[in-house]
Amino acid sequence: MLGEFLSSRGLNLQTNSYHYVAAPRALEVRAGGGPTLVGTMEFSGYVAQAIVIHAALAVPAVIARFVNDTIMGARLFQAVKPKKRTDLY
């Protein structure tokens, strides 16, 4: 049963012969296969997008907190100082 299955896939257990398979050649590592200019530019684009998204989310939150703390009567240094979280301890 196993021999029939393997022989249908091109493997002969008696002679240890098999069909040439080209797929593993695609996985070979090239010599000097370091980062290319295009790959570096692509990665830099992803980093820039992440920074823009982070700024778009974080800056309004910081401004809202500062305005809220100032309205509630906190002094400037108290408004800027990070709050100690009690849910972490």
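Residues numbered from 1 in each chain as written. Predicted model: local features only at pLDDT ≥ 70, side-chain atom pairs only at ≥ 80, totals over all residues. Heavy atoms only, no water.

(A) Representation of the overall build of the chain. Scanning the chain from N- to C-terminus turns up three helices and two strands. Written out in order from the N terminus, the α and β elements of the chain read α-β-β-α-α. Looking at the chain as a whole, 4% of its 89 residues qualify as buried. Of the accessible surface of the chain, which amounts to about 8500 Å², a share of 68% is contributed by carbon and sulfur atoms. (Helix = DSSP H or I, 4+ residues; strand = E, 2+ residues; numbered from the N terminus. Buried < 20%, exposed > 50% of the residue type's maximum accessible area, 1.4 Å probe, protein only. Areas by Shrake-Rupley, 256 points an atom, 1.4 Å probe, with all protein chains shown as cover.)

(B) A look at the pattern of salt bridges. According to the stated counting rule, one finds one salt bridge in the structure shown. Residues R65 and D69 are paired through a salt bridge, measuring 3.5 Å at the closest nitrogen-oxygen approach. In this pair, R65 and D69 are both assigned in helix 2 (residues 37-71), four residues apart and thus about one turn of the helix distant. With relative accessibility at 30%, the residue R65 sits in the partly exposed group. Among the residues examined, D69 registers a relative accessible area of 9% and is labelled buried. (Salt bridge = Lys/Arg side-chain N within 4 Å of Asp/Glu carboxyl O.)

(C) Up close: helix 2. Here helix 2 contains 35 residues, and its C-alpha end-to-end distance of 50 Å stays within 8% of the 51 Å for a straight helix at 1.5 Å per residue. Just past helix 2, the residue G73 takes up positive phi, approximately 100°. (Expected span 1.5 Å × (residues − 1).)

Function-wise, these values are silent; they only describe arrangement.
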